[in-house]
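This is what each chain is made of:
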Amino acid sequence: MRVLMAPDGFGTRLTPAQAADALRDGWRAGAPHDVVDVCPLADGGPGFVATLHASLGGDVEPVTVTSPLGAPVPAALLRVGTTVHVESAHALGLDLVPDDRRDPTRTTSRGAGELVAAALRGARRVVVGLGGSATNDAGAGLLLGLATALLPPGAVAERVAALLAAGGGGLGEVTADDLAWLPDLRAALRDVDLLAAVDVDVPLLGLQGASAGFSQQKGATPEQAQALERALGAFAHAATTALGPVRTGPGADLLGGGPDVRAARLTGLPGAGAAGGVGFALALLGARLLPGASLVADAVDLPGRIARHDLVVTGEGRTDWQSLHGKVVAEVAARALPLAVPTVVVSGEVQVGRRELSAAGVTAAYAVADDPRDVPAALADPVGSLRARAARVARTWSPAHGS
Ligand SMILES: Nc1ncnc2c1ncn2[C@@H]1O[C@H](COP(=O)(O)OP(=O)(O)OP(=O)(O)O)[C@@H](O)[C@H]1O
Ligand SMILES: O=C(O)[C@H](O)CO
C-alpha cells in the first residue's frame, strides 16, 4: 500500500514537517511493507512559510518586527519571484507570549503590519498567512504598523497610535475621525495584489467570530471575551465609516450603502475573524481573503500527490469544530474524496463526532490520547506518542500486516 502523510502541525508542539516525519516513522514500524511519503501542510497559521518554502523554494529574508508584547522578534519573508509570502504568526503567534502573560485585551498585531510593510519592497503580490495568534485587536495594530511605514509622519495622531497599539481592550474609544487616514493607506497599497491566507473562515463578530470563538484560547476570561466583542464591533463601525465607499478592489461592491450596512458586510466576510480580526483589517485595505489550507494545497499540488497513493493520513493538535472551518484536515478530506482515496485522521485529540467527520469526508479518526487524562503524557513526548499511535493505526489499515 502507498500512504501519504499530509498533516498540519500539532499546536506549538510539532511543526508540520515534524508531524509528517513522526507519522511516517510510526507507520513504517507498524507496516514495514508500505511505501510511505510525506507532504507537510499548513493553513495560514504557524508553518505557512516553512511549508511553502519546502515546496516552492525561493529566498528567505530575515526581518525584525514587534512581538504581541512589544519586544523585537525575528521574522522572515519568503520571496518567490515577485510574490512575497509572510506568516503573521511570526509576529503575533501565541507561542511568543508566555502562559502567564496571555491577555488578548492588550496584545498587539502591530508586528504583522511591519512584516507586510517589509514584504511590499519589490513585490507585485503579497500573501499574508493568518492564524495561531495571541491577539484580538481586529488588526488595529497591523493598520498602525502599515500606516507608520507608508504614510507621512504625523498622519496618525499620537493619541490614536497609542490606542491602536494597546490591544483590543481599548478599541471602543476609537472614532471614525481618528481613522481619517484609512483611505490614504488603502490607496498606498493600490499597486500590490494583497492576499490573506486565512486559517479559519469565520467572520469578525458573532458567536464564532474572533472574540467569542477564539479569544479564550489566548487567555481571555468569558467577561473579557464579551468586552472584546463590543470593542471590536465599535472599532469595525468606526473603520468602515472612515473608509467610506471605495471604488476599486475586491470588497468594493460590499462597501456600498450606509455605514451600518458597510460595517456589517465587511465584518461578515469569511476569514475576517482570522488572527484575532487581522483578516478584517486586511480586507479594509483591499485584500482578498482566501482559505490558507486550500492555497497551500494548491501550491504543493496536493491532489496530484494524493492521486499517487492508496491512503492519505492527516492530523493536527486537536481536531474540533474549528477543524471543519477551513483547516488542513477538512481540506485534505475534501481533496481526497473525489479521488476515492480514503482519509484517515491521527490528531492529538479528536473532539468532533463521527457523523460530522464523515460528512467532511473523513473515513476514520484516531486520537493520540484516547482519554483526556493521557494528554499530558502524550504532550511530554509528542514525537514518540504520535509515532506509537501511527504504528497502531498502520496495523489496522495495512492489508500487508502480518505477511
Ligand atoms: N502529541 C499530542 N498528543 C496529544 N494531544 C496533543 C498533542 N499535540 C497537541 N495536542 C493537543 O492539541 C492541543 C493544541 O491545540 P491547538 O489548537 O494549539 O493545536 P492545533 O489544533 O494543531 O492548532 P490550530 O487549531 O491553531 O491549527 C493541545 O493542548 C493538546 O490538547
Ligand atoms: O489566530 C486565531 O485567532 C485563530 O488561529 C483563528 O484565526
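All figures in this text were calculated on a predicted structure; none of them were measured in a lab.

**What to know about the side chain of Thr 135**
Here is step 1 of the chain: Examined against the element boundaries, Thr 135 turns out to sit in the loop between strand 6 (125-130) and helix 5 (140-150).
Here is step 2 of the chain: Every residue in contact with Thr 135, bar those within four places of it in the chain, is listed here: Pro 68, Leu 92, Thr 107, Thr 108, Ser 109, Lys 218, Ala 275 and Gly 276.

**Quick notes on unusual backbone geometry**
Here is step 1 of the chain: A positive phi angle, near 50°, is found at Ala 275, a position not held by glycine.
Here is step 2 of the chain: Tracing the sequence through the fold places Ala 275 in the loop between helix 10 (259-267) and helix 11 (278-284).
Here is step 3 of the chain: The backbone phi angle of Ala 340 is positive, close to 60°, even though this residue is not glycine.
Here is step 4 of the chain: Here Ala 340 is to be found in the loop between helix 14 (328-336) and strand 11 (343-347).

**Things to note about the pairing of strand 6**
Here is step 1 of the chain: Within strand 6, 5 of the 6 residues are buried, leaving the element largely enclosed by the surrounding structure.
Here is step 2 of the chain: Here strand 5 (residues 83-87) pairs with strand 6 via 5 bridges, running parallel. Across the sheet, residue Val 86 finds its bridge partner in strand 6, namely Val 128.
Here is step 3 of the chain: As paired elements, strand 6 and strand 7 (residues 193-198) share 6 bridges and run parallel to each other.

**Some details on the packing of aromatic side chains**
Here is step 1 of the chain: Scanning the model with the defined rule gives 1 aromatic pair in all.
Here is step 2 of the chain: Ring centres of Phe 214 and Trp 321 lie 5.7 Å apart, and the angle between their planes is 50°; this geometry places the pair in the tilted category. With a gap of 107 residues between them, Phe 214 in helix 8 (residues 210-214) and Trp 321 in the loop between strand 10 (318-319) and helix 14 connect regions that are remote in the sequence.
Here is step 3 of the chain: Relative accessible area serves as the criterion here: at 34%, Trp 321 is assigned to the partly exposed category.

**Things to note about the site of ligand 2**
Here is step 1 of the chain: Close to ligand 2 lie Gly 131, Gly 132, Ser 133, Asp 199, Val 200, Phe 214, Lys 218, Ala 274, Ala 275 and Gly 276.
Here is step 2 of the chain: Residue Gly 132 places a main-chain N or O atom 2.8 Å away from an oxygen atom belonging to ligand 2.
Here is step 3 of the chain: Backbone polar atom of Ala 275 to an oxygen atom of ligand 2: 2.9 Å apart, as the coordinates give it.
Here is step 4 of the chain: Protein burial of ligand 2: of its 230 Å² of free accessible surface, 98% is covered by the chains.
Here is step 5 of the chain: Looking at the shell around ligand 2 residue by residue, the classes come out as 4 nonpolar, 4 polar and 2 charged.

**What to know about the confidence of the model for the protein**
Here is step 1 of the chain: Per-residue confidence for the protein gives a mean pLDDT of 94, with 95% of residues at or over 70.
Here is step 2 of the chain: Scoring the predicted complex yields pTM 0.89 and, for the interface, ipTM 0.87.

**Quick look at the domain arrangement of the protein**
Here is step 1 of the chain: Taken domain by domain, the protein consists of domain 1 (2-41 + 301-402) and domain 2 (48-293).
Here is step 2 of the chain: Once you take the C-alpha centre of each, domain 1 and domain 2 turn out to be 31 Å apart.
Here is step 3 of the chain: Each partner contributes to the interface: domain 1 provides 11 residues, whereas domain 2 provides 11 residues.
Here is step 4 of the chain: Between domain 1 and domain 2 the total buried area reaches about 920 Å² when both faces are included, carbon and sulfur atoms providing 56% of it.
Here is step 5 of the chain: Among the residues of domain 1 in contact with domain 2, Trp 321, Gln 322 and His 325 are the three that bury the most area, contributing 49% of the side total.
Here is step 6 of the chain: Joining domain 1 to domain 2, the criterion identifies 1 salt bridge.
Here is step 7 of the chain: Between Asp 199 and Lys 327 there is a salt bridge, with the nearest N and O atoms lying 3.2 Å from each other.

**Focus: the sheet that holds strand 6**
Here is step 1 of the chain: One open sheet holds the 6 strands; their spatial order is 3-4-5-6-7-8, and the pairing between them is mixed. Edge positions in the sheet fall to strand 3 (59-66) and strand 8 (288-291), since each of these pairs with one other strand and no more. Sheet twist, expressed as the mean angle between neighbouring strand axes with direction ignored, is 25°.
Here is step 2 of the chain: Contacting strand 3, strand 4 (72-80), strand 5, strand 6 and strand 7, helix 2 (residues 48-56) crosses the sheet at an angle of about 145° to strand 5.
Here is step 3 of the chain: The sheet strands contacting helix 12 (residues 292-299) are strand 6, strand 7 and strand 8, and the helix crosses strand 8 at an angle near 70°.

**Concerning the site of ligand 1**
Here is step 1 of the chain: Near ligand 1 there are 16 residues, and of these Gly 11, Gly 317, Arg 318, Lys 327 and Glu 349 occur at the shortest range.
Here is step 2 of the chain: Backbone polar atom of Arg 318 to an oxygen atom of ligand 1: 3.0 Å apart, as the coordinates give it.
Here is step 3 of the chain: A distance of 3.2 Å is found between an oxygen atom of ligand 1 and a side-chain nitrogen or oxygen belonging to Lys 327.
Here is step 4 of the chain: Its free accessible area being 630 Å², ligand 1 has 82% of it covered by the protein chains.
Here is step 5 of the chain: Among the secondary structure elements, those contributing two or more residues to the shell around ligand 1 are helix 16 (375-380) and helix 17 (382-397).

**Points about the sheet that holds strand 11**
Here is step 1 of the chain: Strand order in the open sheet formed by 5 strands is 2-1-9-11-13, and the pairing between neighbours is parallel. Lying at the two open borders of the sheet, with one neighbouring strand each, are strand 2 (35-38) and strand 13 (364-367). Direction aside, neighbouring strands of the sheet carry axes that sit 20° apart on average.
Here is step 2 of the chain: Inspection of the sheet shows strand 1 (residues 2-5) paired to strand 9 (residues 311-314) by 3 bridges, in the parallel sense. If you follow Met 5 over to strand 9, its bridge partner there is Val 313.
Here is step 3 of the chain: Lying over the sheet, helix 1 (residues 16-30) contacts strand 1, strand 2, strand 9 and strand 11, oriented at roughly 175° with respect to strand 2.

**What about the pattern of salt bridges?**
Here is step 1 of the chain: Under the defined criterion, the tally for this structure stands at 17 salt bridges.
Here is step 2 of the chain: One salt bridge connects Arg 159 with Asp 178, and the closest N-O pair in it is separated by 2.6 Å. Of this pair, Arg 159 sits in helix 6 (residues 158-165) while Asp 178 is found in the loop between helix 6 and helix 7 (182-188), placing the two residues 19 residues apart along the sequence.
Here is step 3 of the chain: Residue Glu 331 pairs with Arg 335 through a salt bridge whose shortest N-O separation is 2.7 Å.

Criteria and thresholds
- Residues numbered from 1 in each chain as written.
- Chains lettered and ligands numbered in written order.
- Predicted model: local features only at pLDDT ≥ 70, side-chain atom pairs only at ≥ 80, totals over all residues.
- Heavy atoms only, no water.
- Helix = DSSP H or I, 4+ residues; strand = E, 2+ residues; numbered from the N terminus.
- Contact = heavy atoms within 4.5 Å.
- Buried < 20%, exposed > 50% of the residue type's maximum accessible area, 1.4 Å probe, protein only.
- Pairing = 2+ DSSP bridges.
- Phe/Tyr/Trp six-rings, centres within 6.5 Å; stacked < 30°, edge-to-face > 60°.
- Near = heavy atom within 4 Å.
- Polar contact = N/O pair within 3.5 Å; in protein donor to acceptor, adjacent residues only side chain to side chain.
- Areas by Shrake-Rupley, 256 points an atom, 1.4 Å probe, with all protein chains shown as cover.
- Nonpolar A, V, L, I, M, F, W, Y, C, P; charged D, E, K, R; others polar.
- pLDDT = per-residue confidence, 0-100.
- Domains from an automatic or database assignment.
- Buried area = accessible area lost by both parts, 1.4 Å probe.
- Salt bridge = Lys/Arg side-chain N within 4 Å of Asp/Glu carboxyl O.
- Axes fitted to C-alpha atoms, helices over the stretch in contact; angles between N-to-C directions.

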